[in-house]
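Chain residues, written in single-letter form:
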Amino acid sequence: MSNTDRLYYNDSYLTEFEARVIAQGAVAGHAAVALDRSAFYPEGGGQPGDRGSLNAFAIVDVQSDGEHDWHVLNDQADLGRLRVGTPVRGAIDWAQRLDHMQQHLGQHLLTAAFSATHGYTTRSFHLSANSVTIDLAARALSAAEVAAAEGLANSVVWEDRPVVARFVAQAELATIALRKPPTVTGPVRVVSVPDFDHSACGGTHPRSTGGVGQIVVQRWAKQKNGVRVEFACGGRALRAHQRLNHIGQCSAALLSVGIDELEAAVERLRTSNDVLRNEIAALQDTNLSYFARDLAHRALQHRGRLRVVAQTLSGQPEYLRSVAQRLIDHGIDIALIGAGGERMQLVVASAAASGLDARSILAVGLAPIGGRGGGSAILAQGGGPAQEDPEAVLAAMLEALPRP
Ligand SMILES: [Zn+2]
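Chains are numbered independently. Their residues run from 1 in the order of the written sequence. In keeping with the predicted nature of the model, local features appear solely for residues at pLDDT of at least 70, side-chain atom pairs appear and are counted solely at 80 or more, and the whole-chain, interface and lining totals rest on all residues.

Visitor: What am I meant to see in the overall build of the chain here?
Guide: Regarding its fold elements, the chain presents eight helices and 21 strands. Over its C-alpha trace the chain gives a radius of gyration of 37 Å, far above what one expects of a compact globule, namely 22 Å for 404 residues. Along the first, second and third principal axes, the C-alpha set of the chain runs to 105 × 55 × 40 Å. Every one of the 404 residues in the chain was classed for burial, and the buried ones make up 35%. A pair of residues counts as a contact when their C-beta atoms, built from backbone coordinates, are within 7 Å of each other. By sequence separation, contacts in the chain at least 24 residues apart represent 59% of the contacts at least 6 residues apart. Helical segments are the DSSP runs of H or I of at least four residues, strand segments are the runs of E of at least two, and each set is numbered from the N terminus. Our radius of gyration is a C-alpha quantity, and the globule rule it is checked against amounts to 2.2 Å times the number of residues to the power 0.38. With C-beta atoms placed from the backbone, a residue is buried if 20 or more other C-beta atoms are within 10 Å of its own, exposed if 12 or fewer are, and partly exposed between those counts.

Shown next, in the form of structure tokens:
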């Protein structure tokens, strides 16, 4: 048992108290003091320790080592003003404590509801500033199962049943249907919601279930061996609703629909986006075809009986490749495409009938720029540092072509 008289056991709404420092110590290298009595909750059972102050000194965490409940100081220097025997006035951060109490009792109720409705047991509970979760021993969870458990838990909240916490001797313990066997020996603190749940728990709870306000399940996902359920209670549930409502209203306004039409409007937007994407692809294809046909006339050069186009363009490698291939489609024997930019890009397309290997032609262009590339006999592509003018490189490649 702790040497600290835990005032929150009898009154979880106690926010200020008088006490005396009985020991100085450290928690993970941070200065801390122990008191003869305290309303501060030390971290345990998935619930974080309280924050607050002792006299004017900030307390950032409370940890129990079984012997003492250590109130961790924000500032090491405060230890000098909190020597053993010093009387202190303690105050806990009530907003944080109330939030913890709502999430914590909400967890008792939701856990009991999943057990009552579907026989799923809760393996673990986690509460942090950003999320509250339980891990259920279930293979999967359906939306209907979640709705049933959520509904039952909230009905117990709205019935505003009393929450009774008391220490029970081992002999009596056997007569109580505890949700889980206790992990401590000796008298066990049992927290009961009549006709619903009995849990061995050392935590802080609202005095009645109504204090939880509401319990909303936000999402759930399969984990390695169970299902993790994320939820929010009380003030958190309200803030989650406010955030979602803001997102929903803003999104609906952007689409000029009411919030109830939002889902259908997003669906329509997606469909129309797919149609537009296809139309754009078709237009680009047509445009590319016209561009290549025009280029095949405008930039046509003859090397012996070879019909050649050597042209600098700007664009992505894929675009350059498409232009080169279209030029071949439009009767060109050899297409040489170059592009500047951060790296010089070179593309060579060769009509199969020309008998010329695109890779050998590309090699002529890559050699002076120290570039690399590859491809097939009819289409090769490469690039290198863009120190040279692509026009000059294309001219050299053109010059090296045979004149059959
Ligand atoms: Zn509890």
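So that's the structure; there's more coming.
Visitor: When you look at the domain arrangement of the chain in this model, what are you seeing that I'm missing?
Guide: One widely used convention gives an interface's size as the accessible area the parts lose upon coming together. Start and end positions for the domains come from either an automated domain assignment or a database one. According to the domain assignment, the chain contains domain 1 (5–92), domain 2 (98–251) and domain 3 (288–400). The C-alpha centroid of domain 3 is placed 68 Å from the C-alpha centroid of domain 2.

Visitor: Help me understand the packing of helix H7 (residues 358–369) against helix H8 (residues 390–400), please; the structure alone is not making it clear to me.
Guide: A pair of packed helices can be characterised by two numbers: the angle between their axes and the separation between those axes. Whenever a helix is involved, its axis is fitted only over the stretch in contact; in every case the axis is a line through C-alpha atoms, and angles between N-to-C directions fall within 0 to 180 degrees. Packing of H7 against H8 leaves a shortest axis separation of 9 Å and a crossing angle of 135°. The orientation of H7 relative to H8 falls into the category oblique. Here the hand of the crossing between H7 and H8 comes out right-handed. Contacts from Ile361, Val364, Gly365, Pro368 and Ile369 in H7 reach Val393, Ala396, Met397 and Ala400 in H8. Three classes are used, and their members are as follows: Ala, Val, Leu, Ile, Met, Phe, Trp, Tyr, Cys and Pro are nonpolar, Asp, Glu, Lys and Arg are charged, and the others, Gly among them, are polar. The residue inventory of the contact of H7 with H8, partitioned by class, reads eight nonpolar, one polar and no charged. Any angle between 65 and 115 degrees counts as roughly perpendicular, while under 35 counts as roughly parallel, over 145 as roughly antiparallel, and the rest as oblique. Note on convention: the crossing is left-handed when the near helix lies turned anticlockwise from the far helix by less than a right angle, right-handed when the turn is clockwise.

Visitor: Looking at this model, I keep getting lost on the sheet that holds strand E2 (residues 16–27). Mind explaining?
Guide: Each strand in a sheet pairs with its neighbour through backbone hydrogen bonds, running either in the same direction (parallel) or in the opposite one (antiparallel). Read around the closed barrel, six strands run E2-E3-E7-E6-E5-E8, paired in antiparallel fashion. Neighbour to neighbour, the strand axes of the sheet diverge by 50° on average, direction disregarded. Two strands pair when backbone bridges link them, and E2 and strand E8 (residues 87–92) are joined in this way by five bridges, in the antiparallel orientation. Paired with glutamate 18 across the strands is arginine 89, a residue of E8. One requirement defines pairing of two strands: DSSP has to find at least two bridges between them.

Visitor: Where do I start with the pairing of strand E3 (residues 30–35) in this structure?
Guide: Look at any regular strand and the pattern is simple: side chains alternate between the two faces of the sheet. Burial within E3 is extensive, with five of its six residues counted as buried. The turn linking E2 back onto E3 is made up of two residues, and alanine 28 within it adopts a positive phi angle of 50°. Bridge count for E3 against strand E7 (residues 69–73) is three bridges, and the pairing is antiparallel. Counted as the bridge partner of valine 33 is histidine 71 from E7.

Visitor: So what exactly am I meant to see when it comes to H7 here?
Guide: Each turn of an α-helix holds 3.6 residues, which means side chains three or four residues apart point in the same direction. The span one expects for a helix is its residue count, reduced by one, times 1.5 Å. Under the 1.5 Å per step criterion, the end-to-end length of H7 is 18 Å for twelve residues, consistent within 8% with the ideal 16 Å. Within the sequence span of H7, burial applies to Ala358, Arg359, Ile361, Leu362, Gly365, Leu366 and Ile369. For H7, the angular spread of buried residues about the axis comes to 160°, placing them on one side. Against strand E18 (334–339), strand E19 (343–350), strand E20 (372–375), strand E21 (379–385) and H8 lie the buried residues of H7. At the exit of H7 stands glycine 370, carrying a positive phi of roughly 65°. The arc under discussion is defined with respect to the helix axis, by the directions toward the C-beta atoms.

Visitor: In this structure, what is going on with helix H4 (residues 234–254)? I would like to understand it.
Guide: Compared with the 30 Å implied by 1.5 Å per residue over 21 residues, the 30 Å span of H4 between its first and last C-alpha is a close match. Considered for burial, the residues of H4 that qualify are Gly234, Arg236 and Ala237. One face of H4 carries all of its buried residues, which in axial projection span an arc of 150°. Of the exposed residues in H4, those oriented more than 90 degrees away from the buried face are Arg239, Gln242, Arg243, His246, Cys250, Ala253 and Leu254. Packing partners of the buried residues in H4 comprise helix H1 (94–118), strand E14 (215–223) and strand E15 (226–233). In the segment just after H4, serine 256 is the residue with positive phi, at about 55°.

Visitor: Is there a simple way to think about the nonpolar core in this case?
Guide: Inside soluble globular proteins, nonpolar side chains tend to come together where they are buried. For this analysis, nonpolar core means a set of buried Ala, Val, Leu, Ile, Met, Phe, Trp, Tyr and Cys residues linked through C-beta atoms within 7 Å. Grouped together as the largest cluster of nonpolar side chains are 33 residues, with contacts concentrated most on Leu109, Leu110, Ala113, Leu136, Ala153, Ile215 and Phe231. Elements with a contribution of two residues or more to this core: H1, strand E10 (132–136), helix H2 (143–158), strand E12 (188–193), E14 and E15. Here the element with the most residues in this core is H1; it accounts for seven residues. Apart from the residues lying within four places of it in its own chain, the contact partners of alanine 153 are Leu109, Leu110, Ala113 and Ile215. Within the second largest apolar cluster, 32 residues are counted, among which are Leu295, Ala310, Leu320 and Ala335.

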